[in-house]
Amino acid sequence: MALTIISMASLRSETQIVPVNSPQASSFTTTVQSSLSAVFPSRIKHSLSSILTKFHAGYFRISLSLGGQALLWKTLIGPTHDKSTLRHVVHMFHPTAFLLLWCFALFILSLLSLLYILRCFFYFKMVKAEFLHHVGVNYLFAPWISWLLLLQSAPFVAPKTTSYLVLWWFFAVPVVALDVKIYGHWFTKGKKFLSTVANPTSQISVIGNLVGAQAAASMGWKECAVCLFSLGMVHYLVLLVTLYQRFSGSDRLPAMLRPVFFLFFAAPSVASLAWESITGAFDTASKMLFFLSLFLFTSLVFRPALFKRSMRRFNVAWWAYSFPLTILALASTEYAEEVKGSIAHILMFLLLSLSVLVSLGLTIFTLLNTRMLLPDNDPISGLYHLPIVSP
Amino acid sequence: MDNRENHVSIELQESASAEPVPDLLKLITSNEVVVFDTIMPESETSVPSNGHQRKFSISISMPSSPTGAASAGTKNVLDVEDNGKGFNDSSSVEAPSKPKPKGDKFLSQPMPKGSVFGEAAPNIKKLKDKRFNSFKTWSGRLERQLSNLRGRQESESESEEESTQNLGREAFPVDRYFNALEGPELETLRASEEIVLPDDKTWPFLLRYPISSFGICLGVSSQAVMWKTLATATSTKFLHISLTVNLILWWISIALVAAVSSVYLTKVVLYLEAVRREYYHPIRVNFFFAPWIVLLFLALGVPPSVATTLPVALWYVLMTPFLFLELKIYGQWMLGDQRRLSKVANPTNHLSVVGNFVGALLGASMGLKEGPIFFFAVGLAHYTVLFVTLNQRLPTNETLPKDLHPVFFLFVAAPSVASMAWANIQGSFDYGSRITYFIALFLYFSLAVRVNFFRGFKFSLAWWAYTFPMTSAAIASMRYSSAVTSVLTQTLSVILSVVATLTVTALLVTTIVHAFVLRDLFPNDIAIAISDRKPKPQNR
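The shown structure was predicted, so the numbers you read here are calculated from the model rather than taken from an experiment. (Residues numbered from 1 in each chain as written. Chains lettered and ligands numbered in written order. Predicted model: local features only at pLDDT ≥ 70, side-chain atom pairs only at ≥ 80, totals over all residues. Heavy atoms only, no water.)

A few words now on the overall build of chain B. Helix and strand counts for chain B come out as 24 helices and 2 strands. Across the 540 residues of chain B, 59% fall into the buried class. Contacts spanning at least 24 positions in sequence make up 81% of the contacts within chain B whose residues lie at least 6 apart. A total accessible area of about 20700 Å² is found for chain B, and carbon and sulfur atoms account for 64% of it. (Helix = DSSP H or I, 4+ residues; strand = E, 2+ residues; numbered from the N terminus. Buried < 20%, exposed > 50% of the residue type's maximum accessible area, 1.4 Å probe, protein only. Contact = heavy atoms within 4.5 Å. Areas by Shrake-Rupley, 256 points an atom, 1.4 Å probe, with all protein chains shown as cover.)

A tally of regular secondary structure across chain A gives 19 helices and 0 strands. A buried classification covers 56% of the 391 residues belonging to chain A. Sequence-distant contacts, at least 24 apart, represent 82% of the contacts inside chain A between residues at least 6 apart. Accessible surface for chain A amounts to roughly 16700 Å². Of this, 74% is attributable to carbon and sulfur atoms.

Taken residue by residue, the interface counts 35 residues in chain B and 27 residues in chain A. Carbon and sulfur atoms supply 72% of the area buried between chain B and chain A, which totals about 2800 Å² over both sides. The largest share of the area that chain B buries against chain A comes from Leu327, Met334 and Leu335 of chain B, three residues that together contribute 27% of it. Remark: the boundary between chain B and chain A carries 1 salt bridge. Taking the shortest distance from any N to any O, the salt bridge between Glu370 of chain B and Lys287 of chain A comes out at 3.0 Å. (Buried area = accessible area lost by both parts, 1.4 Å probe. Salt bridge = Lys/Arg side-chain N within 4 Å of Asp/Glu carboxyl O.)

Counting across every chain of the model gives 6 salt bridges over all chains. If you follow the salt bridges from partner to partner, you end up with Lys267, Glu278 and Arg284 of chain B in one network.

All names here are of chain B. This structure, assessed with the given rule, holds 55 aromatic pairs over all chains. Judged by centre distance (5.6 Å) and plane angle (70°), the ring pair of Phe297 and Phe468 falls under edge-to-face. In this pair, Phe297 sits in helix α16 (residues 290–300) while Phe468 sits in helix α23 (residues 467–483), placing the two residues 171 residues apart along the sequence. This pair shows no difference in class: Phe297 is buried, exactly as Phe468 is. Taking 4.9 Å as the distance between ring centres and 35° as the angle between the ring planes, the aromatic pair formed by Phe376 and Trp422 counts as tilted. Within this pair, whereas Phe376 is found in helix α20 (residues 370–392), its partner Trp422 is found in helix α21 (residues 413–426), the two being separated by 46 residues in sequence. Note on Phe376: relative accessible area 5%, which makes it buried. (Phe/Tyr/Trp six-rings, centres within 6.5 Å; stacked < 30°, edge-to-face > 60°.)

On to helix α12 (residues 203–219) of chain A, then. Residue and element names in this part refer to chain A. When the terminal C-alpha atoms of α12 are compared, their 24 Å separation across 17 residues agrees well with the 24 Å that a helix rising 1.5 Å per residue should span. When you tally the buried positions in α12, you get 16 out of 17 residues, the bulk of the element. One or two residues past the end of α12 sits Gly220, with phi positive at roughly 100°. (Expected span 1.5 Å × (residues − 1).)

Once that is clear, we can look at the packing of helix α13 (residues 214–232) of chain B against helix α14 (residues 243–270) of chain B. Residues and elements named next belong to chain B. At a closest axis distance of 8 Å, the pairing of α13 and α14 adopts a crossing angle of 165°. Here α14 runs roughly antiparallel to α13, going by the angle between their axes. The interaxial crossing formed by α13 with α14 has left-handed handedness. Along its contact with α13, which presents Phe214, Ile216, Cys217, Val220, Ser221, Gln223, Ala224, Trp227, Lys228, Ala231 and Thr232, the element α14 presents Leu243, Val245, Asn246, Leu249, Trp250, Ile252, Ser253, Leu256, Val257, Val260, Ser261 and Tyr264. When the residues that make up the contact of α13 with α14 are grouped by side-chain class, the tally is 16 nonpolar, 6 polar and 1 charged. (Axes fitted to C-alpha atoms, helices over the stretch in contact; angles between N-to-C directions. Parallel < 35°, antiparallel > 145°, perpendicular 65-115°, else oblique. Left-handed = near helix turned anticlockwise from the far one by under 90°. Nonpolar A, V, L, I, M, F, W, Y, C, P; charged D, E, K, R; others polar.)

Turning our attention to unusual backbone geometry. One non-glycine residue, Lys340 of chain A, lies in positive phi territory at about 65°. Looking at the element boundaries, Lys340 of chain A is found in the loop between α16 (322–339) and α17 (342–368). For His240 of chain B, which is not glycine, the phi dihedral falls at a positive 55°. Tracing the chain through its elements places His240 of chain B in the loop between α13 and α14.

What follows deals with the packing of α13 of chain B against helix α24 (residues 487–517) of chain B. All names here are of chain B. As a packed pair, α13 and α24 sit with axes 11 Å apart at the nearest point and diverge in direction by 150°. The way α13 lies across α24 gives a crossing that is left-handed. Facing Gln223, Met226, Trp227 and Leu230 of α13, the residues of α24 in contact are Ser497, Ala500, Thr501 and Val504. When the residues that make up the contact of α13 with α24 are grouped by side-chain class, the tally is 5 nonpolar, 3 polar and no charged.

On to the UniProt feature "transmembrane region" (unreviewed entry) in chain A. Residues and elements named next belong to chain A. In the numbering used here, UniProt assigns the feature "transmembrane region" (unreviewed entry) to residues 97–118, 139–158, 164–184, 224–244, 288–306, 318–336 and 343–368. Overall, residues 139–158 shows 60% helix and 0% strand. The separation of its end C-alpha atoms is 28 Å. Annotated as 100% helix and 0% strand, the span residues 224–244 places its first and last C-alpha atoms 30 Å apart. (UniProt positions renumbered as here; feature names shortened; annotations may be inferred.)

It is worth spelling out the environment of Phe261 of chain A at this point. With respect to the helices and strands, Phe261 of chain A occurs in the loop between α13 (222–245) and α14 (263–279). By relative accessible area, which is 10% here, Phe261 of chain A ends up buried. Placed 144 residues apart in sequence, Phe261 of chain A and Ile117 of chain A show a C-alpha to C-alpha distance of 28 Å. If sequence neighbours within four positions are ignored, Phe261 of chain A has contacts with Pro200, Leu253, Leu300 and Phe307 of chain A together with Leu335 of chain B.

Let us now look at the nonpolar core. Trp168, Ile207 and Leu300 of chain A together with Leu218, Trp333 and Phe376 of chain B are the most contacted members of the largest nonpolar core, which has 259 residues in total. Excluding its chain neighbours within four sequence positions, the residues that come into contact with Ile207 of chain A are Ile145, Leu263, Ala266, Ala267, Val270 and Phe323 of chain A. (Core = buried A, V, L, I, M, F, W, Y, C linked by side-chain atoms within 4.5 Å.)

All right, on to the environment of Phe282 of chain A then. All names here are of chain A. Within the fold, Phe282 resides in the loop between α14 and α15 (284–301). A sequence separation of 56 residues divides Phe282 from Glu338, and the C-alpha atoms of the two residues are 6.3 Å apart. Sequence-distant contacts of Phe282, that is, excluding residues within four places in its chain, are made with Ser272, Glu276, Lys287, Phe290, Ala331, Glu334, Tyr335 and Glu338.

Below, the discussion takes up the side chain of Ser63 of chain A. Among the secondary structure elements, Ser63 of chain A is positioned in helix α4 (residues 60–77). Overall, the relative accessible area of 2% leaves Ser63 of chain A in the buried class.

A turn of α-helix holds 3.6 residues, and therefore any two residues three or four places apart point the same way. All names here are of chain B. An ideal rise of 1.5 Å per residue puts 26 Å on 18 residues; helix α22 (residues 431–448) measures up with 25 Å between its terminal C-alpha atoms. Burial in α22 covers these residues: Ser433, Thr436, Tyr437, Ala440, Leu441, Leu443, Tyr444 and Leu447. Within α22, the buried residues cover an arc of 160° as seen down the axis, which keeps them to one side. Exposed and oriented more than 90 degrees from the buried face of α22 are Tyr431, Ile435 and Phe442. On its buried side, α22 packs onto α20, α21, α23 and α24. (Arc of directions from axis to C-beta.)

Attention now moves to the confidence of the model for chain A. If pLDDT is low for a region, its predicted coordinates should not be looked at in detail. All names here are of chain A. For chain A, the average pLDDT comes to 82, and 82% of its residues sit at 70 or higher. Predicted confidence in chain A is weakest over helix α1 (residues 2–20), with a mean pLDDT of 43, and strongest over α14, with 95. Note that pLDDT drops below 50 for residues 1–21; the model gives that stretch 19 contacts with residues more than four away or on any other chain. Note that pLDDT drops below 50 for residues 387–391; the model gives that stretch 5 contacts with residues more than four away or on any other chain. (pLDDT = per-residue confidence, 0-100.)

Let us now look at the confidence of the model for chain B. Residues and elements named next belong to chain B. Overall, the predicted model of chain B reaches an average pLDDT of 73, with 64% of residues at or above 70. Long-range and interchain partners of residues 23–128, a stretch whose pLDDT sits below 50, account for 233 contacts in this model, where long-range means more than four residues apart. Scored below 50 in pLDDT, residues 152–169 makes 56 contacts in the model with residues more than four places away or belonging to other chains. Per the prediction output, this complex has pTM 0.73; the corresponding ipTM is 0.74.

Given below as structure tokens:
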């Protein structure tokens, strides 16, 4: 009974896959499916291929958020100079609970990475289509950022060990490689090109550099850290100006993807944390970046109308709310530790609660609505099937 | 069409140039029952009699609006539109279904009024005032209530107008301003455009009073700060300037701020629609930051004899409304659709950004730490964006003048104030401050050597706002020369101060000439009276 239901479901979904693909992809798909059928029973093959075709790099938002939460809690339960009561309360977060959180994040990330590797292997043309899309290409950074965040928050890998170093190199090199490719496009194809493709998700590339810088600085590799930091900040400057100008208007981003506007304040927060890791203290530059991020956050929060359309139906883009909030909360924690005022701690408390609530809420909502997670007519993955793929 | 009104004069026109403010304010405030149709008969005597006949011809011959009785101007925005339609029937675009032409209001009302009163005199006034009614706050409603109280019969027509009026229109689209106006300050009407208020007569004073009048306060208060620095800075002590100059200028600034604010507040109360239109004007919106900047300058330039230290709460009180305003405006730049930066960027936007630095400067001089850094960070980020955008001269940007205009001096404002703010935050005039100061100096010189390209512009009150960058540059030079004392730097600071003072003096003379000799200091404010026609292709 269950099997027939699954097979019917997968058949139904399979019939819906075909019109979406381009003819070349569908012929490719059939060859893939024939190779897959040699490996798996056909029902599992159907459901797997349906998942793989609908899956895209944007799903790494989930692992990004979970990794951010793990880093946040690792910082909160770690050693601190902050003597306030709030910090004491938070410090009581049981280490085992943190371990559970980290393991959960690791599990999700591994699952997503596996799925994506399979997708690369079996549906490489789709991955290429993602790469050529102006929104999709930025999410190719997301897996590496998630791994870097998990590495930083790992409970058993100390920063100055060889394993940490090796892992860091393993995750940072793809980030730099993607940088070279993408920023090179901006640079050599002229400003006009950037102004047509720039959209808020482009900040993910900047965040990638900055997270890499932070991870390197915690290893003690100052020069690497400063290099990645400056790379990120220069491009952030260019991007900030371009995005603020909105030369081409708001038509570059579909309404469903409005949650990614939260990335506007994610980038300065990560920069503030990265600079703090590099210099060792939350100095004026970090404070300025934190304040800028706070200002942009307030700006967005005062405009709920922007997000109304995207909140109508649950989709994975909702996870885009979580990571920026988590990083802002983390930055506010560092700020409160530095400044030690009551207002700073109230702010920290507010942002902490907000980020935890949002992450928790999203997790529960996703677990309850797993079917909606991979919808048949996901407008976002539908974007990548537009005829951009060249033969 | 409009030339019919040529023969109808407003009571204010005679007195407009001489003492506009007292007349109108007297008229308005002296009547506790502010009903303009009671005011009208009093001053009606000044109206020439031929106007009466004209009035009748106007009211009879004007075609009735096709869509029936328009409701009262509860939403003055609609009235504006209606005015345009009422008067520009021949050339107006076909009325959209929503707003009812307000022409009916004049048409239906004066006629019954005429029949009720049996005299033409009040009708003229009513007609004239009705034209400006659209700009008044709750004009129709207030008048109707008051006239209902007095048992006038036009209440029926008014009530049906009110009921049929469509309320609630959204913001005046920014495209209208760009299509209808031209010039570096978007003040001049394009040839193909018409305005909803009569062009050939002087409007009520308050309608002619732009928000850019706060520029005078900006100019004078920054002068007060400059003279205070001249008297107290170590590098200029050799000049032996006394603090009395600062004291005098400071009190003059206080008086000016009080005067300008009270007049503008009266305008807000009485002509809310006009204020809204100024807020939606892409250039004038930046002047809404000016009052806060002026107050900050006043706090910065407070003479030592008045107060040596100011309470910290004052800084929070001044910066909170500023913060909300900039959240709104910067949010529009980044997230809004119509008013995004690539469309509306113009040099006057610097006024929106420089306030951050002035606030940071004041806060840091009071000893605050976090707040000034906050505003400095926000100001720096947005200044960078604005600077790049303006330098790019994007093709979507229509407001940047091709020639030089005094507005370009605003480029110098932000870096010079930022350098001082950073010096106060850090405690000394360090590298960051020096870098920003040199940027300001370079921009100043690159404009100064092109001074012969600044010519042929119509004087406007906004020019006062453009003097404050020069003054700020002078103050920054004094701070710099206090840190790096040498003959060169001291000479530079003295020269810049002299230039700033001379400019302000010249501007003062020009203002006086315009005010009393030419009597056109406050010309009809065309920019807020543009009609709200939906843009048709042939109108572009």
